[in-house]
Amino acid sequence: MATTKIDRAQVADTALRLLNETGLDGLTLRAIAKELGVQAPALYWHFKNKQALLDEMATVMYRRMAADGPPGLAEPTWQGQLCAVNRTLRAMLLSYRDGAKVYGGARFTGTEHAEALEAYLGRMRADGWPLRDAVRAGTLAYAYTMGFVAEEQGSVPGPGGQGEPVDVSARAERLAAYPLAAAAGADIFESFDERFEEGLSVLVAGIEATYRSRG
């Protein structure tokens with residue numbers, strides 16, 4: 001192996017590139033080291049374990065997503081901002097194979113995300129929301145998007161997914177004894193864009209109705 005000097009940024013960039021080729025299960029420190037032309041122990045100078053690397057990868061993913069500024073700031077309403085943020089998040093996650101798996105539960109290694117959070121919470125506070133309710137609304141929308149994309153990536157092929165598409169017709173035949181469950185297949189496993197937008201609208205309306213009624 002060559003004695004190439006590497007830094008954290010090189011390791012994270014290489015890991016994200018390999019992620020689209022191998023998926024998260026195939027992304028090993030050994031494979032990353034081989035791609036970089038170093039021995040695997042060299043990576044431990046920068047990351048104590050794979051989770052530390054995943055944290056850095058998620059941070060880089062966020063930085064790329066917000067390269068042009070925190071998403072949603074140009075929206076005139078908090079509803080528009082919340083929707084814009086989560087649309088941008090979904091698009092970013094889908095641009096990486098297993099993106100939701102990498103991003104979910106990660107701990108950011110930088111502070112860039114705080115700018116967007118501060119702007120969102122500031123707008124909500126200015127609109128009369130208690131901090132606690134503003135936080136709950138934001139994290140609820142985030143959880144919806146993360147869960148939706150995790151299911152989406154498990155059901156579709158391509159760069160953002162790792163699964164085989166569900167054969168809705170074959171599923172309907174297999175569930176013929178359960179006609180309602182069989183007919184539901186098209187709405188469960190297809191039209192992801194439409195379903196995401198519809199669900200986001202329902203969620204935002206529910207947030208407004210629930211939290212505003214308490215205020």
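Residues numbered from 1 in each chain as written. Predicted model: local features only at pLDDT ≥ 70, side-chain atom pairs only at ≥ 80, totals over all residues. Heavy atoms only, no water.

In the nomenclature of an unreviewed UniProt entry, the protein chain corresponds to TetR family transcriptional regulator from the organism Streptomyces xanthochromogenes.

(A) How the structure looks around unusual backbone geometry. Positive phi values are uncommon outside glycine, yet aspartate 98 reaches one of about 60 degrees. Take aspartate 98: its relative accessible area is 4%, and that puts it in the buried class. Despite not being glycine, serine 191 has its phi angle at roughly 55 degrees, a positive value. As for its placement among the helices and strands, serine 191 is situated in the loop between helix H10 (185-189) and helix H11 (192-214). Overall, the relative accessible area of 41% leaves serine 191 in the partly exposed class. (Buried < 20%, exposed > 50% of the residue type's maximum accessible area, 1.4 Å probe, protein only. Helix = DSSP H or I, 4+ residues; strand = E, 2+ residues; numbered from the N terminus.)

(B) Geometry of the packing of aromatic side chains. In the structure shown here, the tally under the stated rule is eight aromatic pairs. Ring geometry for tryptophan 78 against tryptophan 129: centres 5.0 Å apart, planes inclined by 70 degrees, an arrangement best described as edge-to-face. Remark: tryptophan 129 occurs in the loop between helix H6 (112-126) and helix H7 (131-153) and tryptophan 78 occurs in helix H4 (residues 78-94); sequence separation between them is 51 residues. Centroid distance phenylalanine 148 to phenylalanine 192: 6.2 Å. Interplanar angle 85 degrees. Geometry classified as edge-to-face. Taken together, the residues phenylalanine 148 in helix H7 and phenylalanine 192 in helix H11 connect sequence positions 44 residues apart. Among the aromatic residues, those joined into a cluster by ring pairs are Tyr144, Phe148, Phe192 and Phe196. Over the face of the ring belonging to phenylalanine 196 we find arginine 90, whose NZ or CZ atom lies 4.9 Å from the ring centre. (Phe/Tyr/Trp six-rings, centres within 6.5 Å; stacked < 30°, edge-to-face > 60°. Lys NZ or Arg CZ within 6 Å of the ring centre and 35° of its normal.)

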